[in-house]
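# A look at the structure
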Amino acid sequence: MQLNDQDLEDQILMAHDASNTWLLAELYAHAAERVLDHEQACFLATQAYVCALQSNHPLKSKLHTFLKRHGREE
Amino acid sequence: MSYTTDFDAIRISISQAKGLPNAHYIDPAVYDEERHALLFNQWAGLAVASEVPEPGDAIPSTFLGVPLLLLRDKYDQVRVFQNTCRHRGMILVEYACKIAGAIRCPYHSWCYRTDGRLVSTPHVGGPGQSTHKDINRSELGLIEIRSHIWRDVVWINMNGNAPTFEDAMQDAITRWSEFEQPLYHGGADSTFKLDVNCNWKLAVENYCESYHLPWIHPGLNSYSRLEDHYNIENYGSYSGQGTLVYRQLSGESNEKFPDFENLSEKWNESAEYLSIYPNVLLGTHRDHAFAIILIPDGPEKTVENIHFFYPSEDTNEALRKKNTDQWKEIFKEDIFVVEGMQRGRHGIAFDGGKFSPAMDGPTHCFHDWAASQIETHRGLEHAAE
């Protein structure tokens, strides 16, 4: 998925409106990979992880590993 | 609690006893007291396990004002939780749904596994930080309500203080031990709901006695006469009635439901109907069973959730529907009676009523149980004060 920031934000808002947590997990994970700021990346990865947990998305393991490595998750 | 009940007048021989007085049917304060004494302290029926057939199936409900969540966890175990987030007390699940992964609180997104464990507390330590030294997830799982499945009914003990289910229900389990075999819910055509304007206890009372059958269910007179019935009274846990002339339902080509396996001869023509205190009404026959779960909705309203079960997963759909319709007609015939008794209890001079010593034993048995539970509860409340 190649999106500019505005497209990504729009996609995220649409996915929130549709309560599509599966897609939200992917969009937030994608956003987390794009940002340069580490704190912002952890914030977005947390959003992605919660959506992945709820939707049972396979990204949840990778996101958990990332957050735990950075001391953000148990 | 300011209302006093003359328990001695209720808990004596049926020949002298009176029924529970009006306040136990119409007074909101007594209703609230009975909510604890007769329902939260006991094993009460909530639903049937067949309502959540697959892992992840979740149904929120309100039981006597308490928000509950019935679900089948990912390990196939049926559980009941308080439907309340441990963070800010938000309702977790608003509608019946399939939980794909975790239960996410719609407020701050705390996440719980289907077995109740808290697994994520996003941003709880600040943005992007989901841990905090004062947040111990192992202490913050969903509050689970003690539950047990018997005859597919999900029984719950809200206050967690009842004896084990097996001990509490030992007599009823033993009585129907021959029917301890798989029950298959008939599906969508085998369930319905009735809303009735009466206190839940009147539904129990009407169900457990056969005295009313010739007048309220005259259709039964041709083959199931009053004298073909017997009373069942097990003081302290259940009462009901049995028939000696159960006749199997037949379809257009004389097809019948299969029988439960290895039943003794007695059940060829017998069937029994038990009010299991407090709020579950069960019926069993050689070829089908049913459960009526009474959900009190205030002092003068009750929802009856009715489910039919069969010995086999594969039963004739038309015959199932015919069976459901037949029972629905009978249960609907009872509505004007329980609603009439409810209105009658606003008669200020009604004294609880005079029982027929020959015919009202099962009802007296229920009143004796209810009075004993309320008396104990009041004693404990008094001691606590």
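An account of the accompanying structure is given in this report. (Residues numbered from 1 in each chain as written. Chains lettered and ligands numbered in written order. Predicted model: local features only at pLDDT ≥ 70, side-chain atom pairs only at ≥ 80, totals over all residues. Heavy atoms only, no water.)

## What about the packing of aromatic side chains?
Residue and element names in this part refer to chain B.
- Summed over the entire model, instances satisfying the criterion amount to 21 aromatic pairs over all chains.
- Between the aromatic rings of Tyr207 and Tyr273, the centroid separation amounts to 6.5 Å while the plane-to-plane angle is 85°, which identifies the pairing as edge-to-face. You can see Tyr207 sitting in helix H6 (residues 200-208) and its partner Tyr273 sitting in strand E15 (residues 271-276), a full 66 residues away along the chain.
- According to the relative accessible area criterion, Tyr207 is buried, its value standing at 10%.
- Ring geometry for Phe257 versus Tyr310: centroids 4.4 Å apart, planes at 40°, classification tilted. Residue Phe257 is located in the loop between strand E14 (238-243) and E15, and its partner Tyr310 is located in strand E18 (residues 302-310); the two are separated by 53 residues in the primary sequence.
- Each member of the aromatic cluster is reached from another via a ring pair, and the members are Phe192, Tyr207, Tyr273, Phe290, Phe308, Trp327 and Phe331.
- Of note, Lys201 hangs over the ring of Tyr25, and the distance from its end group to the ring centre comes to 4.6 Å.
- Stacked on the ring of Tyr25, the Lys or Arg Arg345 has its end atom at 4.6 Å from the ring centre. (Phe/Tyr/Trp six-rings, centres within 6.5 Å; stacked < 30°, edge-to-face > 60°. Helix = DSSP H or I, 4+ residues; strand = E, 2+ residues; numbered from the N terminus. Buried < 20%, exposed > 50% of the residue type's maximum accessible area, 1.4 Å probe, protein only. Lys NZ or Arg CZ within 6 Å of the ring centre and 35° of its normal.)

## Structural notes on the sheet that holds strand E7 (residues 111-112) of chain B
- The strand order across the open sheet formed by three strands is E6-E7-E8 (chain B), and the pairing between neighbours is antiparallel. The sheet terminates laterally at strand E6 (103-104) and strand E8 (118-120) of chain B, the two strands that pair on one side only.
- Across two bridges, the pairing between E7(B) and E8(B) is antiparallel. Considered in E8(B), the bridge of Tyr112(B) is made with Leu118(B).
- Contacting E6, E7 and E8 of chain B, helix H3 (residues 38-55) of chain A runs over the sheet at an angle of about 135° to E8(B). (Pairing = 2+ DSSP bridges. Contact = heavy atoms within 4.5 Å. Axes fitted to C-alpha atoms, helices over the stretch in contact; angles between N-to-C directions.)

## Observations concerning the interface of chain B and chain A
- Each partner contributes to the interface: chain B provides 17 residues, whereas chain A provides 15 residues.
- Approximately 1,300 Å² of surface area, both sides summed, lies buried where chain B meets chain A, with 51% of it carried by carbon and sulfur atoms.
- Of all residues in chain B, Arg104(B), His123(B) and Gly128(B) bury the most surface against chain A, accounting for 30% of the area lost on that side.
- Where chain B touches chain A, the interface holds two salt bridges.
- Scanning the region where chain B abuts chain A turns up nine residue pairs in polar contact (both at pLDDT 80 or more). (Buried area = accessible area lost by both parts, 1.4 Å probe. Salt bridge = Lys/Arg side-chain N within 4 Å of Asp/Glu carboxyl O. Polar contact = N/O pair within 3.5 Å; in protein donor to acceptor, adjacent residues only side chain to side chain.)

## Points about the layout of surface pockets
- Put simply, the largest pocket is a space of about 580 Å³.
- If you go around the largest pocket, you meet 32 residues; those closest to its centre are Leu220(B), Tyr273(B), Trp327(B), Ile330(B) and Phe331(B).
- Of all the secondary structure elements, the ones that give two or more residues to the lining of the largest pocket are H6, E14, strand E17 (289-296), helix H8 (317-333) and helix H9 (335-344) of chain B.
- When residues in the lining of the largest pocket are grouped by element, the largest group, five residues, is from H8(B).
- Every residue lining the second largest pocket is counted, 26 residues in all, and those nearest its centre are Thr21(A), Gln54(A), Arg104(B), Pro106(B) and Ser109(B). (1 Å grid on protein atoms, 1.4 Å probe; cavity = no way out; pocket = protein on both sides within 12 Å on 5 of 7 lines; lining within 4 Å. Points joined across faces, edges and corners; volume = space filled by probe spheres on them.)

## Looking at the pairing of strand E4 (residues 78-82) of chain B
Residues and elements named next belong to chain B.
- Across the five residues that make up E4, a large majority, four, are buried.
- Counted along the chain from strand E3 (residues 66-72) to the antiparallel partner E4, the turn is five residues long, and its residue Asp76 has a positive phi close to 80°.
- Strand direction decides the pairing type here: E4 and strand E9 (residues 144-150), joined by two bridges, are antiparallel. Bridge pairing in E9 links Phe81 to Glu144.

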